[in-house]
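# Structural overview
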Amino acid sequence: MRWSKYYVPTLKEAPADAEVISHKLLIRAGMIRKLTAGVYSYLPMGLRAITKVADIVREEMNRAGAQEVLLPAVQPADLWMESGRWEHYGKELLRFKDRHDRDCCLGPTHEEVITDLIRGEVRSYRQLPFTLYQIQTKFRDEIRPRFGLMRGREFMMKDAYSFDRDNVGADASYQAMYDAYVRIFTRMGLKFRSVEADSGSIGGKFSREFMVLAETGEDVIAYCAHCSWSANIERAPVVLRERSAVAEPVASMAEVATPGQHTIEDVSTFLRVRPEALIKTLLYVADGKPVAALVRGDRELNVVKLKNLLDAGVLEMASPEQVRAWTGAPVGFAGPVGLAAETRIVADQELAHGQDWIAGANKADAHVLHVSLTRDVPQAVYADLRGITEQDVCPTCGGAVRLARGIEVGHIFK
């Protein structure tokens, strides 16, 4: 075809909503066009590029012994209810009813469908093992679609599923997929790293993500500067350095006025203390029940770790109305002492190594000094709840931790 006949509608300027360089270039080069939030049309040049990617994926999956299928995009709700993921998957699952008033969804993934297919076909272990895969459009109703194709709602994905006789076979299938992914990303010339990851709603004993290292990446990975350990920050365990037990007595709690001081930064400046002297109390609703998560004032709560600890299907931040109902105060003044009796309290393990804390007073414009969790909040449960930092140590060898940004391009699960 002559170039003059080719449909390549280039642009001199990138649209205002294009934030990252990849999104800007794809739009300006005439490869994609936005239809609505997180949904894009692939124009001829864009389709040629993604077809080349699919060809590499297909070749390496076939080389690994997998067989290609194509499964339905529309899935009945009863399969998802049987697996327990109809509610667990959350609002990313796009649900609808057909004309017969039957609940359905657009497939974000196909574990339920492929398992339903195979359980009706396989009659003997002699038919195992085998791996089936597909390259198909998926839909996930992301709350904040952004960065063009990087965080879209509709996208093309290769998903594969292995069926094995036993754990030994499952290990072999897992390794075969790992090796195939390494070959795929190596052929594409990507700078990538394989990291430990959280299995999320897919489940399984363990999983690994393949991350392309890029400053525009939404994910953060932690890795060791001295050994081969690496993990998604959602998964990375925090190992506390050796500390002596705190035995000094703590003074009785004392309330102090903090008018209009809502944030950790506000309170620490107002009281002239460092942020690490404060307890940050974050209120959530876990499967309909109130939960207070406590971390040190200068730390960030790892919501994935919290959700896994609670084994929660749905975990959401409490609304301002719920905060007031559980604490008696507006947002910004919650503390662990005197919360509503039904509120479950979980604290980051780091808080067990200190005794004299400052926290919200569960009263407007007030905080309390000299909080001792062991004395004043004996019902608190301690666990690893915060994100790892470069001041922490490698959980494998004790070496220095480094952080980098990455884009998830693959994920394998056992």
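Basis of the calculations
Residues numbered from 1 in each chain as written. Predicted model: local features only at pLDDT ≥ 70, side-chain atom pairs only at ≥ 80, totals over all residues. Heavy atoms only, no water. Core = buried A, V, L, I, M, F, W, Y, C linked by side-chain atoms within 4.5 Å. Buried < 20%, exposed > 50% of the residue type's maximum accessible area, 1.4 Å probe, protein only. Helix = DSSP H or I, 4+ residues; strand = E, 2+ residues; numbered from the N terminus. Contact = heavy atoms within 4.5 Å. Arc of directions from axis to C-beta. Axes fitted to C-alpha atoms, helices over the stretch in contact; angles between N-to-C directions. Parallel < 35°, antiparallel > 145°, perpendicular 65-115°, else oblique. Left-handed = near helix turned anticlockwise from the far one by under 90°. Nonpolar A, V, L, I, M, F, W, Y, C, P; charged D, E, K, R; others polar. Phe/Tyr/Trp six-rings, centres within 6.5 Å; stacked < 30°, edge-to-face > 60°. pLDDT = per-residue confidence, 0-100. 1 Å grid on protein atoms, 1.4 Å probe; cavity = no way out; pocket = protein on both sides within 12 Å on 5 of 7 lines; lining within 4 Å. Points joined across faces, edges and corners; volume = space filled by probe spheres on them. Salt bridge = Lys/Arg side-chain N within 4 Å of Asp/Glu carboxyl O.

Membership of the largest hydrophobic core comes to 23 residues, with the highest contact counts inside it found for Ile 279, Leu 283, Leu 294, Ile 345, Leu 351 and Leu 373. Looking at this core, the elements that each hand over two or more residues are β14 (279–286), β15 (289–296), α9 (320–327), β17 (344–348), β18 (357–360) and β19 (366–371). The residues contacting Ile 345, other than those within four sequence positions of it, are Ala 292, Leu 294, Pro 336, Leu 339, Val 377, Gln 379, Ala 380 and Val 381.

With that settled, the discussion passes to helix α7 (residues 264–271). Where α7 is concerned, the buried positions are Ile 264, Val 267 and Ser 268. Summarising the axial view, the buried residues of α7 lie within an arc of 95°, below the 170-degree limit, and thus occupy one face. Relative to its buried face, α7 has exposed residues pointing more than 90 degrees away, namely Glu 265 and Thr 269.

Take the packing of helix α2 (residues 44–63) against helix α6 (residues 167–187) next. One can describe the packing of α2 onto α6 by two numbers: an axis separation of 9 Å at closest approach and a directional angle of 150°. The angle between α2 and α6 falls in the class roughly antiparallel. In this structure, α2 meets α6 at a crossing whose hand is right-handed. Contacts between α2 and α6 pair Ile 56, Val 57, Glu 59, Glu 60, Met 61 and Arg 63 from the former with Met 177, Ala 180, Arg 183, Ile 184 and Arg 187 from the latter. In terms of residue class, the contact of α2 with α6 is built from six nonpolar, no polar and five charged.

Enumeration according to the criterion identifies 10 aromatic pairs in this entry. With a centroid separation of 5.9 Å and 10° between ring planes, the pair formed by Trp 3 and Tyr 6 is classed as stacked. The exposure class of Trp 3 is exposed, given its relative accessible area of 60%. On the numbers, 5.5 Å between centres and 85° between planes, the contact of Trp 80 with Tyr 89 is edge-to-face. Residues Trp 80 and Tyr 89 agree in their burial class; the two are buried.

Right, let's talk about the confidence of the model for the protein for a bit. Low pLDDT means the predicted coordinates in that region are not meant to be read closely. Mean pLDDT over the protein works out to 93, with 98% of the residues at or above the 70 mark. Looking across the protein, the model is least confident in helix α4 (residues 85–88), with a mean pLDDT of 86, and most confident in strand β3 (residues 67–68), with 98.

This part is about the layout of surface pockets. Size it by volume and the second largest pocket reaches roughly 420 Å³. His 262, Thr 281, Leu 282, Val 331 and Gly 332 are, among the 20 residues lining the second largest pocket, the residues nearest its centre. Elements that contribute at least two residues to the lining of the second largest pocket include exactly α7 and β14. Sorting elements by how many residues they give to the lining of the second largest pocket places β14 first, with five residues. Broken down by class, the residue content of the lining of the second largest pocket amounts to 12 nonpolar, six polar and two charged.

The next thing to look at is the pattern of salt bridges. Following the criterion strictly, the structure yields 31 salt bridges and no others. With its nearest N and O atoms 3.8 Å apart, the salt bridge here joins Glu 316 to Lys 91. Separated by 225 residues along the polypeptide, Glu 316 in strand β16 (residues 315–317) and Lys 91 in the loop between α4 and β5 (95–97) bring together distant segments of the chain. Judged by its relative accessible area of 37%, Glu 316 is partly exposed. Between Asp 348 and Arg 386 there is a salt bridge, and its shortest N-O distance comes to 4.0 Å. Here Asp 348 is found in strand β17, whereas its partner Arg 386 is found in the loop between β20 (381–383) and β21 (401–413), with 38 residues between them in sequence. There is no split in this pair, since Asp 348 and Arg 386 are both buried. The network of salt bridges with shared partners includes Arg 296, Asp 298, Arg 299, Asp 348, Glu 350, Arg 386 and Asp 392.

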